[in-house]
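As a plain string of letters, each chain reads:
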Amino acid sequence: MERVRTLRKPKVESYIDYSLVFIVLFLLAFGLVMLYSTSSYEANLDYGDSAYYFKHQLGPTIIGLGAMIFMSYFPYRILKKFAFPIYAVAAGLLFLLIPLGKTINGAKRWIYVGGISIQPAEIAKFAVIVFSATLVISLKKKLLEPKGFGTMLAFPAFLSLLVYGITKNLSSAIIIMGIAVVMLFVSTPGYKRYIIAALSVLALATVIVLIVANSADSSGMNYRFKRILVWLDPAAYASGKGFQTIQALYAIGSGGIFGKGLGESMQKMGFIPEAQNDMIFSIICEELGLFGAIAVMLMFLLLIWRLMVIANNAPDMFGALLVIGVMGHIAIQVILNIAVVTNTIPNTGITLPFISYGGSAVIVQLAEIGMALNVARNIGR
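Reading the values: rules and limits
Residues numbered from 1 in each chain as written. Predicted model: local features only at pLDDT ≥ 70, side-chain atom pairs only at ≥ 80, totals over all residues. Heavy atoms only, no water. Helix = DSSP H or I, 4+ residues; strand = E, 2+ residues; numbered from the N terminus. Buried < 20%, exposed > 50% of the residue type's maximum accessible area, 1.4 Å probe, protein only. Contact = heavy atoms within 4.5 Å. Areas by Shrake-Rupley, 256 points an atom, 1.4 Å probe, with all protein chains shown as cover. Lys, Arg positive; Asp, Glu negative; His and termini not counted. Charge placed at Lys NZ, Arg CZ, Asp CG, Glu CD. 1 Å grid on protein atoms, 1.4 Å probe; cavity = no way out; pocket = protein on both sides within 12 Å on 5 of 7 lines; lining within 4 Å. Points joined across faces, edges and corners; volume = space filled by probe spheres on them. Nonpolar A, V, L, I, M, F, W, Y, C, P; charged D, E, K, R; others polar. Patch = residues over 30% accessible without salt bridge, like charges linked within 9 Å, V, L, I, M, F, W, Y side chains within 5 Å. Salt bridge = Lys/Arg side-chain N within 4 Å of Asp/Glu carboxyl O. Core = buried A, V, L, I, M, F, W, Y, C linked by side-chain atoms within 4.5 Å. Pairing = 2+ DSSP bridges. Axes fitted to C-alpha atoms, helices over the stretch in contact; angles between N-to-C directions. Phe/Tyr/Trp six-rings, centres within 6.5 Å; stacked < 30°, edge-to-face > 60°. Lys NZ or Arg CZ within 6 Å of the ring centre and 35° of its normal.

Enquirer: Before we move on, could you go through the overall build of the chain and cite the residues and values that matter?
Expert: Of regular secondary structure, the chain possesses 13 helices and three strands. Within the chain, buried positions represent 47% of all 381 residues. In the chain, 71% of the contacts between residues at least 6 apart in sequence involve partners at least 24 apart. Accessible surface for the chain amounts to roughly 18700 Å². Of this, 68% is attributable to carbon and sulfur atoms. Of the charged side chains in the chain, 29 are positive and 17 negative; the average position of the first set lies 15 Å away from that of the second.

Next up, the structure:
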């Protein structure tokens, strides 16, 4: 009997990061409440159903939770074998936008299959995380050489250029490259090349802003350059391209410390166009005030902190890189969204993770969280 006991394998306990699960579920529930509050007025006017956007977000959220659970049990190391096919599918979907993409509000960013919309740019973000993590493991010490470093950046750059060239979605293109750079930064020693690159980008941006600001005629200017003018002086374009920014700032300012109360926003009454998308943070500020805005930002900080803890304790480099990629995606998107809403940077039309309206986005983001939970389950094994 004693011999049988010794032959038994010790029971392997898996680690579940309940803190991460709670934070994500809180953000999802909060997001649905704020989505209904923000969109109910316009949804009732446009569709005769105040819960129209809420219902259309609830379905993808449930699917996303299913994807999160599936990915939390799916062995993450297998993703290494499917890295290139995932990358190829993401690129293929972007190319399919050319003949099959549907244009909405002047942007060709969605493919409709059987009444279901797919946004390939969101899938590209997931693909760049998996492929970049695999590429870092494959290249290893070659990353320290110019050729290896360039190869590492070439693949995400290709996806980024596809996103920008086909969908004209600059914000998603920036996020894709940002994810790859964050993963590369963590993987390679030394800060010199990154500091030089950051200063070069900052210098280029400064030159562009100065040229645009001092232009005598803006009538024939590219619309992205016009956004810079709006950013510098939104009041001068209050009846045109600066309207959304001005109204968002009014919403933030009128919220005060504790806000007007849930559902009491005035700016959502048709003043902020598509408020349920990239400007939902301004409605949070108006209804819940500075207190609510800080609470939301703290929840995102806790989410990023939990992801950092998982990455630091990951059982292998591949798992750590996957989690770093997820962390980079969420962090970049949150920072850019809040910066746009507060007019800290020019308007780029970027959504707030887990809170803004968008089915493809929430499904992909939850699948990424599931991937991080899967890495966490293997801690200590």
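Enquirer: Before we move on, can you summarise empty space enclosed by the protein with the specific residues and values?
Expert: A full pass over the atoms with the stated rule returns two cavities of 30 Å³ or more. The space that makes up the largest cavity amounts to roughly 50 Å³. In terms of lining, the largest cavity is formed by Gln57, Thr351, Leu352, Pro353, Phe354, Ile355, Ser356, Tyr357, Gly358, Ala361, Val362 and Gln365. With three residues, the single largest contributor to the lining of the largest cavity is helix α13 (residues 359-377). Partitioning the lining of the largest cavity into residue classes produces seven nonpolar, five polar and no charged. Its volume calculated, the second largest cavity comes out at about 40 Å³. As for the second largest cavity, its lining consists of Leu28, Gly31, Leu32, Leu35, Gln57, Thr61, Phe354, Ile355 and Val362. When contributions to the lining of the second largest cavity are tallied by element, the ones reaching two or more residues are α2 (18-47) and α3 (52-73). Here the lining of the second largest cavity gets four residues from one element, more than from any other, and that element is α2.

Enquirer: A description of the layout of surface pockets should follow, citing residues and the corresponding values.
Expert: Looking at the second largest pocket, its volume works out to about 1700 Å³. What lines the second largest pocket is a set of 42 residues, among which Leu170, Ile174, Val201, Leu202 and Ala205 lie closest to the centre. Here the element with the most residues in the lining of the second largest pocket is helix α8 (residues 192-213); it accounts for 12 residues. Among the residues forming the lining of the second largest pocket, the class breakdown is 32 nonpolar, seven polar and three charged.

Enquirer: Go over a nonpolar patch on the surface with me, naming the residues and quoting the values.
Expert: Where nonpolar side chains cluster on the molecular surface, the patch consists of Ile257, Phe258, Leu290, Phe291, Ile294, Met297, Leu298 and Leu301 and spans about 810 Å² of accessible area. Inspection of the secondary structure puts methionine 297 in helix α11 (residues 280-312).

Enquirer: Quick rundown of the nonpolar core? Include the residues and the values.
Expert: Formed by 97 residues in total, the largest nonpolar core has its most connected members in Leu159, Phe300, Leu303, Phe354 and Ile369. It is helix α12 (residues 317-341) that contributes the most residues to this core, 16 residues altogether. Those residues within four positions of isoleucine 369 in sequence are excluded, and the remaining contacts are Leu20, Val24, Met68, Leu303, Val326, Ile330 and Phe354.

Enquirer: Residues and numbers for the sheet that holds strand β2 (residues 107-113), please.
Expert: The strand order β1-β2-β3 describes an open sheet built from three strands, whose pairing is antiparallel. With partners counted over all chains shown, the strands left at the sheet margins are β1 (102-104) and β3 (116-118), one partner each. When strand polarity is set aside, the average angle formed by the axes of neighbouring strands in this sheet is 50 degrees. Along the sheet face, helix α4 (residues 83-100) touches β1 and β2 and points at about 95 degrees away from the line of β2.

Enquirer: If you had to explain unusual backbone geometry to someone new, which residues and values would you point to?
Expert: One non-glycine residue with positive phi stands out, namely lysine 140, at about 50 degrees. Despite not being glycine, glutamate 274 shows a phi value in the positive range, around 50 degrees. Position of glutamate 274 among the secondary structure elements: in the loop between α10 (243-255) and α11.

Enquirer: An account of the side chain of serine 39 is requested, with residue identities and associated values reported.
Expert: In this structure, serine 39 sits in helix α2. Those residues within four positions of serine 39 in sequence are excluded, and the remaining contacts are Ser50, Tyr53 and Gln276.

Enquirer: Before we move on, can you summarise the side chain of asparagine 374 with the specific residues and values?
Expert: Locating asparagine 374 in the fold gives a position in helix α13. On the basis of relative accessible area, asparagine 374 is assigned to the buried category, the value being 3%. Excluding residues within four positions of it along the chain, asparagine 374 makes contact with Met71, Ser72, Tyr73, Phe74, Pro75 and Tyr76.

Enquirer: Please set out the packing of aromatic side chains residue by residue, giving values where relevant.
Expert: Scanning the model with the defined rule gives 18 aromatic pairs in all. Ring centres 5.1 Å apart and planes at 85 degrees place the aromatic pair tyrosine 53 and tyrosine 357 in the edge-to-face group. On the criterion of sequence distance, the pair formed by tyrosine 53 in helix α3 and tyrosine 357 in the loop between α12 and α13 is long-range, its members being 304 residues apart. Exposure remark for tyrosine 53: the relative accessible area of 7% places this residue in the buried category. Here the aromatic rings of phenylalanine 185 and tyrosine 194 are separated by 5.0 Å at their centres, their planes lie at 85 degrees, and the arrangement is edge-to-face. The ring of phenylalanine 318 carries the charged tip of lysine 80 above its face, separated from the ring centre by 5.1 Å. Above the plane of the ring of tryptophan 305 lies arginine 306, whose end atom (NZ or CZ) is 4.8 Å from the centre.

Enquirer: I'd love a proper account of the pattern of salt bridges, names of residues and values included.
Expert: Scanning all chains against the criterion turns up six salt bridges. Residue glutamate 286 pairs with lysine 260 through a salt bridge whose shortest N-O separation is 2.9 Å. A residue pair is termed long-range when its members are at least 10 positions apart, and glutamate 286 in helix α11 and lysine 260 in the loop between α10 and α11 qualify at 26 residues. The salt bridge involving lysine 268 is made with glutamate 287; its shortest N-O contact spans 3.2 Å.

Purely spatial values, then, with no claim about function.
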